[in-house]
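Structural features, examined
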Amino acid sequence: MNLLFRLIFLVCALSVSIGQIHASLRAGAASSNITPHLGIALDGTISINGPAVEVHDELHARCLVLDDGEQRLAIVVCDNTMIDRSILDRAKQLVEERCGLPANRILISATHSHAAPRVVPGLHSNPLNHDYETFLVRRIADGVQQAIANLSPAQIGWAQFDKPEFVHNRRWFIEEGSKLGNPFGKSGDQVKMNARGEGLVKPAGPVDPEVFILSVQHPDGRPMALLANYGTHYVGGYERGHISADYFGLFSKRMETLLGENDPRSDRPPFVAMMSNGTSGDVRSSDLGKSNPVAPWELMNIVAESIAKDVFSTYPDIKHREDASLDMTEAKHSLGVRKPSAKQIAWAERVWDNYQNNPDQKFGGSTNPIVYARETLALADYPDKREIILQAIRIGDLSIVSSPCETFAETGLAIKRRSPFKDTFTIELANGADGYLPTIEQHGYGGYETWPARSSLLEVTAERKIRSTLLDMLNQLKAEQ
Ligand SMILES: [Zn+2]
């Protein structure tokens, strides 16, 4: 072989191997413990559930990093009720500084367990909640950094099946004549959340029964990570003050037992499973009309076990491939806040002053006027506009979009229907905590999810704008594919 021929051969061999590297997928997964200190206030100010006195099961930030040689992205699922954008931005910034992964290539969501902290600065006066914010930022960044360290050749596949047992619309129309009041002392609501007893007519919206599974394996078929997505709000049935990741965490642990080879003697990174919340702002896990198990933790175990069993039986049918390409896009969108009118502020001041003078009155609960008076006064101090983050990810011919809100099932279904991709799912409460997202029509029906509060603050047209922006982003990813 003369020298020139040898050189040509070498260059060709090199370019082929570079081409192969670019075409093949690498992935890494890691789980980072984010359990807070006991004593922290759990959940929010409307649903008061703290302080924490015991840990039923540990909380985690479960991280998956994918890399196709050209694009790298991270998906993180945290066992928190919700996490404010400011905290998530800090975590992304830390990842960017440490690992060079840009903030707009990182999706971080909360599961919406109600036995975990709601991480919104200023929401709780408990100093442990403030400490937890910094802890959480660091532990999320640690998880992503570890997942990047674990990057190795991988193959990816996905599948879905329906699981209607644990999705029930929780907003129901009430018979005409039934008196529905709201905490602002007004009547006219047609819909009630979690209504029981007489007068139930029909659900005010659909549910999405689909369980989506994204599976990542080592090239030899050993499981590396599994990201599931299902649209049920949470299960609950906690003991008061106990920390828990709800069914999201139990499902993940169960899958790790079923699929993982998490041998502590192994030098391989452990298999990581995670359950993200789909579009469940108006969806409960149990049927309103049926009586459910009453023992603490019972229903949560049933839900986790049942879904894990079905995922396990579907798993062998998933077709994995090593050449899935990746893409991701992010948009920042400014939306109006439903600020109270002068009349509403005057009402709130009256109710709040009365409470201050008579502090023995019951405080708390999702229909309590005192709670909504305080929420009205809090919203009065909010800026008029709120910038939210929307993301869309493409993995081969699968797409994932994010919503920072407690998004209704009908929005998720509409995105699935109109997506240019064969398969699409939405991860809610991602990259922020921007409250419930009723459609314009649902706003008209009224009910808890529509009442202005820090838990439902975006303008009435927010859902339409978010949905159409997400679909535009998907169309853009499709056009660039
Ligand atoms: Zn909620």
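Each chain carries its own residue numbering, running from 1 in the direction its sequence is written. Restriction of local features to residues with pLDDT of at least 70 applies here, the model being predicted, together with a cutoff of 80 or more for giving and counting side-chain atom pairs; totals for whole chains, interfaces and linings are based on all residues. Water and hydrogen atoms were dropped before computing side-chain values, which therefore reflect all heavy atoms in the structure.

Here's the deal with the sheet that holds strand β15 (residues 223-230)
Strand order in this open sheet of 4 strands is β9-β14-β15-β17, and the pairing throughout is mixed. In this open sheet, the two edge strands, each paired with only one partner strand, are β9 (155-162) and β17 (272-277). If you compare each strand with its neighbour and ignore which way they point, the axes differ by 15° on average. By the bridge criterion, 8 bridges tie β9 to strand β14 (residues 210-217) in an arrangement that is antiparallel. In short, DSSP must find at least two bridges between two strands for them to pair. The way it works is that DSSP assigns letters per residue, a run of H or I at least four long becomes a helix, a run of E at least two long becomes a strand, and they are numbered from the N terminus. Only the contacting stretch of a helix is used when fitting its axis, a line to C-alpha atoms as for every element, and angles between N-to-C directions run 0 to 180 degrees.

Re the sheet that holds strand β8 (residues 152-153)
With mixed pairing, 5 strands are arranged side by side in an open sheet as β6-β4-β3-β1-β8. In the strand order of this sheet, the two ends are held by β6 (106-110) and β8, each with one partner. As paired elements, strand β4 (residues 72-78) and β6 share 5 bridges and run parallel to each other. Of the residues in β6, the one forming a bridge with isoleucine 75 is leucine 107. Two residues form a contact once any of their heavy atoms are found within 4.5 Å. Along the sheet, helix α3 (residues 127-149) contacts β1 (26-33), β3 (60-67), β4 and β6; its crossing angle with β1, the most-contacted strand, is approximately 150°.

Notes on the packing of helix α8 (residues 409-418) against helix α10 (residues 462-480)
Interhelical geometry of α8 versus α10 gives an angle of 25° and a closest axis separation of 10 Å. Classified by the angle between their axes, α8 and α10 sit roughly parallel to one another. In the crossing of α8 with α10, the sense of the turn from one axis to the other is right-handed. On α10, the residues touching Thr411, Ala414, Ile415 and Arg418 of α8 are Glu463, Arg467, Leu470, Leu471 and Leu474. For this classification, the nonpolar set comprises Ala, Val, Leu, Ile, Met, Phe, Trp, Tyr, Cys and Pro, the charged set comprises Asp, Glu, Lys and Arg, and every other residue, Gly included, is treated as polar. Among the residues forming the contact of α8 with α10, the class breakdown is 5 nonpolar, 1 polar and 3 charged. By definition in this entry, angles of less than 35 degrees are roughly parallel, angles greater than 145 are roughly antiparallel, angles of 65 to 115 are roughly perpendicular, and the rest are oblique. In this scheme the crossing of two helices becomes right-handed for a clockwise turn of the near helix relative to the far one and left-handed for an anticlockwise turn of less than a right angle.

Thoughts on the coordination of the zinc ion
The reference angle at a metal is 109.5 degrees if four donors form a tetrahedron and 90 or 180 degrees if six donors form an octahedron. We call an atom a donor if it is N, O or S and sits within 2.8 Å of the metal, or 3.2 Å for Na, K and Ca. Water is not counted, so some sites may look partial. The coordination sphere of the zinc ion, as far as protein atoms go, consists of His112 (NE2), His233 (NE2) and Glu406 (OE), spread over 2.1 Å. Here the donor residues for the zinc ion map to a single chain with the spacing H-x120-H-x172-E. Of this pair, histidine 112 sits in the loop between β6 and β7 (118-119) while glutamate 406 sits in strand β22 (residues 406-407), and the two are 294 residues apart along the sequence. Both residues of the pair, histidine 112 and glutamate 406, belong to the buried class. Burial classes: relative accessible area under 20% of the type maximum marks a residue as buried, over 50% as exposed, and values in between as partly exposed (1.4 Å probe, protein chains only).

Remarks on the pairing of β14
With 8 of its 8 residues buried, β14 lies for the most part within the structure. Bridge analysis of β14 against β15 gives 6 bridges, and the strand direction is antiparallel. Note on β15: the bridge partner recorded for leucine 214 is leucine 227. In sequence, β14 turns back onto β15 through a hairpin of 5 residues, with glycine 221 there showing a positive phi of about 95°.

Here we look at the packing of helix α2 (residues 85-99) against α3
It is the contact of α2 with α3, at a shortest axis distance of 9 Å, that shows an interaxial angle of 40°. When the axis of α2 is compared with that of α3, the two are oblique. Considering only the axes of α2 and α3, their crossing is right-handed. Of α3, the residues touching α2 (which contributes Ile87, Leu88, Arg90, Ala91, Leu94, Val95, Arg98 and Cys99) are Glu133, Thr134, Leu136, Val137, Arg138, Ile140, Ala141, Asp142, Val144, Gln145 and Ile148. A breakdown of the residues in the contact of α2 with α3 according to their chemical character gives 12 nonpolar, 2 polar and 5 charged.

Brief notes about unusual backbone geometry
The residue aspartate 246 is not glycine, and still its phi comes out positive at about 55°. Within the secondary structure layout, aspartate 246 lies in helix α4 (residues 246-259). Despite not being glycine, tryptophan 297 has its phi angle at roughly 70°, a positive value. Assignment of secondary structure puts tryptophan 297 in the loop between β18 (283-284) and α5 (298-314). In this structure tryptophan 297 comes out as buried when scored by relative accessible area, which is 8%.

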